[in-house]
Amino acid sequence: NKRKKDSHLSNYTRYLLGTDYSFEFSAEDYLEFNITDFLVSHLVKLKDITPAVCNELSLCLEEMLSNAFIHGTFGIGKEYKKLDHDEYNKLIRELSKKEEVRDKRVTASISYSKQTKTVVISVTDEGKGFDFDNVVPENQDNIFRGLSLIKILTDDVQYLDNGRTVRIEKRLDNKKKEPVTHQEV
């Protein structure tokens, strides 16, 4: 009974002060289970999050994690987009057997401040990074559409550590960016 009371108190304290989660994932984890769903299961526990905001953050997480694993962990450039599904899966499986890929980790953290009603999500990989200042999101091949999507769905995006970390912020207090028009997407 004391344990149940302590657990309830812990949940109450987490609700008052905020929440911090941090997880580390391997290439094998990426191949074996849906990391985005796992992380979203922690987002839905936030008292102030709506289903719509949770869906937006889920899309952002999917893009951030895909980029971290594909480019950072596996070291694949944009040419992977030309592969069909089977070729892509074969390439990823082959690369995952290499020691330098198996040893790399992707770290995802979710922080929530009850005070500011802000969710902060960071995804960090151990790859080479990328020059985010020279990325042109509106290119004709839609190669960088994931980065554009993240920018549209969040209140702030930062690329840190030479592009190895992507940090997003989303406010839950209705003080959001102006609504997105069809032309912006």
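Residues numbered from 1 in each chain as written. Predicted model: local features only at pLDDT ≥ 70, side-chain atom pairs only at ≥ 80, totals over all residues. Heavy atoms only, no water.

Participant: How would you explain the pattern of salt bridges if you had to name every residue and give the values?
Facilitator: If you walk through the whole model with that rule in mind, you get 8 salt bridges. Between Arg105 and Glu24 there is a salt bridge, with its nearest N and O atoms 3.9 Å apart. Placement of Arg105 in strand β2 (residues 105-113) and of Glu24 in strand β1 (residues 19-26) is noted, with a sequence separation of 81 residues between them. Its relative accessible area of 53% is what places Glu24 among the exposed residues. Here Glu56 ties to Lys170 by a salt bridge, and the two come within 2.7 Å at their closest N and O atoms. Here the residue Glu56 occupies a position in helix α4 (residues 51-73), and Lys170 occupies one in strand β5 (residues 165-171), the gap between them amounting to 114 residues. Judged by its relative accessible area of 24%, Glu56 falls in the partly exposed class. Each of the salt bridges in this network shares a partner with another, and the network as a whole consists of Asp48, Lys114 and Lys117. (Salt bridge = Lys/Arg side-chain N within 4 Å of Asp/Glu carboxyl O. Helix = DSSP H or I, 4+ residues; strand = E, 2+ residues; numbered from the N terminus. Buried < 20%, exposed > 50% of the residue type's maximum accessible area, 1.4 Å probe, protein only.)

Participant: Give me the lowdown on the packing of aromatic side chains, citing residues and values where you can.
Facilitator: In total, this model carries 9 aromatic pairs according to the counting rule given. Arranged with centres 6.2 Å apart and planes meeting at 85°, the rings of Phe25 and Phe38 form a pair that is edge-to-face. With Phe25 in strand β1 and Phe38 in helix α3 (residues 35-43), this pair connects stretches of sequence that are 13 residues apart. Of the residues examined, Phe25 reaches a relative accessible area of 4% and is grouped as buried. Taken together, the ring pairs in this structure connect Tyr21, Phe23, Phe25, Phe33 and Phe38 into an aromatic cluster. (Phe/Tyr/Trp six-rings, centres within 6.5 Å; stacked < 30°, edge-to-face > 60°.)

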